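Topology and contacts: notes
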Amino acid sequence: MFSSFINKLKSELEKELPGVFAQEKMSPSNRSNGYVFPENKMEAQQSSVLILLYPKGSGINTVLIERNKYNGAHSGQISLPGGKYEKSDKDLIETAIREAGEEIGIDRKKVKVIGKLSSLYVPVSNFQILPVIGYLNNIPSFTPDPKEVNHLIDVKINDLFDPLNTKTEELIRHNYRVTAPYFELGRHHVWGATAMILSELREIMRNAKLISA
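In this text the structure is predicted, and so the values were computed from the model without any measurement. (Residues numbered from 1 in each chain as written. Predicted model: local features only at pLDDT ≥ 70, side-chain atom pairs only at ≥ 80, totals over all residues. Heavy atoms only, no water.)

Some words on the overall build of the protein chain
- What the protein chain contains, in helices and strands, is 5 helices and 11 strands.
- Over its C-alpha atoms, taken along the principal directions, the protein chain stretches across nearly 50 × 40 × 35 Å.
- Going through the 213 residues of the protein chain one by one, you find that 50% of them count as buried.
- Carbon and sulfur atoms provide 48% of the accessible area of the protein chain, an area that totals close to 10,900 Å². (Helix = DSSP H or I, 4+ residues; strand = E, 2+ residues; numbered from the N terminus. Buried < 20%, exposed > 50% of the residue type's maximum accessible area, 1.4 Å probe, protein only. Areas by Shrake-Rupley, 256 points an atom, 1.4 Å probe, with all protein chains shown as cover.)

Shown next as structure tokens:
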């Protein structure tokens, strides 16, 4: 079952990606209502995140992290493991795997990459994020870095993309009222760039008939 899932997803990733069309389904309203930080994409910090897939029980799981609180734009947020490109990295795929290894303690040598999603620019941090999709054939043994990770969220793909778990709330950000779609995972709300990235993955999985949501 898992190998069939991976093969179908890999095949779908080789087609034209849905890109902005899918990302915008989970886009906060402040990306288009006039409230954005000044964009300078030419000087954006290149970064990447890893969507790690693995079999668990009868389903397919992935992992998200709740970041520690710090003085920064993404303090305390739910995100995918990943981070900034370093000059020692061969490419952004290596960045995603390296950062995931550092943050959640997986064996990076065992991660098999099957494709990438569309790059996403995040104005608030001036990050250009490349989502990388990889998998492990077994349940990972996680060793999260306590300096960066407050909590690991091990989630079934079917639960993540269950329509009942896609919701919307209104927030106040920098004196602006923001309508924010999010994925609800218990007490956790996955919104912003992470939700936009996962929205494209959801669209791709729908197209491949890997989920019915």
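Details of the environment of Gln-46
- You can see Gln-46 is positioned in strand β1 (residues 45-56).
- Sequence spacing of Gln-46 and Val-124 is 78 residues, and the spatial spacing of their C-alpha atoms is 14 Å.
- With residues near it in sequence (within four places) discarded, Gln-46 still touches Lys-84, Tyr-85, Leu-92 and Gln-128. (Contact = heavy atoms within 4.5 Å.)

As for helix α1 (residues 2-13)
- A rise of 1.5 Å per residue sets the reference length of α1, with its 12 residues, at 16 Å; its end C-alpha atoms lie 16 Å apart and thus fit the reference within 8%.
- Where α1 is concerned, the buried positions are Phe-2, Phe-5, Ile-6, Leu-9, Glu-12 and Leu-13. When α1 is viewed along its axis, its buried side chains cluster within an angular range of 130° and face the same direction. For α1, the exposed residues lying more than 90 degrees away from the buried face are Ser-3 and Asn-7. (Expected span 1.5 Å × (residues − 1). Arc of directions from axis to C-beta.)

Section: the nonpolar core
- In this structure, Leu-9 and Leu-53 are the most contacted members of the largest nonpolar core, which totals 38 residues.
- Not counting chain neighbours up to four residues away, the residues in contact with Leu-53 comprise Phe-2, Phe-5, Ile-6, Leu-9, Ile-60, Asn-61, Thr-62, Ile-133, Gly-134, Tyr-135, Leu-136 and Ile-157.
- With 16 residues, the next largest nonpolar core counts Val-63, Ile-65, Ala-96 and Val-111 among its residues. (Core = buried A, V, L, I, M, F, W, Y, C linked by side-chain atoms within 4.5 Å.)

Here we look at the packing of α1 against helix α5 (residues 192-207)
- Following both chains from N to C, one finds α1 and α5 inclined at 110°, their axes separated by 9 Å at the closest point. Taken as axis vectors, α1 and α5 run roughly perpendicular relative to one another. In this structure, α1 uses Phe-5, Leu-9, Glu-12 and Leu-13 to contact α5, whose residues at the interface are Leu-201, Ile-204, Met-205 and Asn-207.
- In terms of residue class, the contact of α1 with α5 is made up of 6 nonpolar, 1 polar and 1 charged. (Axes fitted to C-alpha atoms, helices over the stretch in contact; angles between N-to-C directions. Parallel < 35°, antiparallel > 145°, perpendicular 65-115°, else oblique. Nonpolar A, V, L, I, M, F, W, Y, C, P; charged D, E, K, R; others polar.)

What to know about the side chain of Ser-48
- Positionally, Ser-48 belongs in strand β1.
- For Ser-48, a relative accessible area of 1% translates into the label buried.
- Side-chain polar atoms of Ser-48 contact the backbone nitrogen of Ala-96, separated by 3.0 Å. (Polar contact = N/O pair within 3.5 Å; in protein donor to acceptor, adjacent residues only side chain to side chain.)

Overview of the pattern of salt bridges
- For the structure on display, the rule yields 12 salt bridges.
- Between Lys-15 and Glu-12 there is a salt bridge; the shortest N-O distance is 3.2 Å.
- On the accessibility criterion, Lys-15 (46% relative accessible area) is partly exposed.
- Residues Arg-67 and Glu-103 are paired through a salt bridge, measuring 3.0 Å at the closest nitrogen-oxygen approach. With Arg-67 in strand β2 (residues 59-67) and Glu-103 in helix α3 (residues 92-104), this residue pair connects regions lying 36 residues apart in the sequence.
- For Glu-103, a relative accessible area of 1% gives the class buried. (Salt bridge = Lys/Arg side-chain N within 4 Å of Asp/Glu carboxyl O.)

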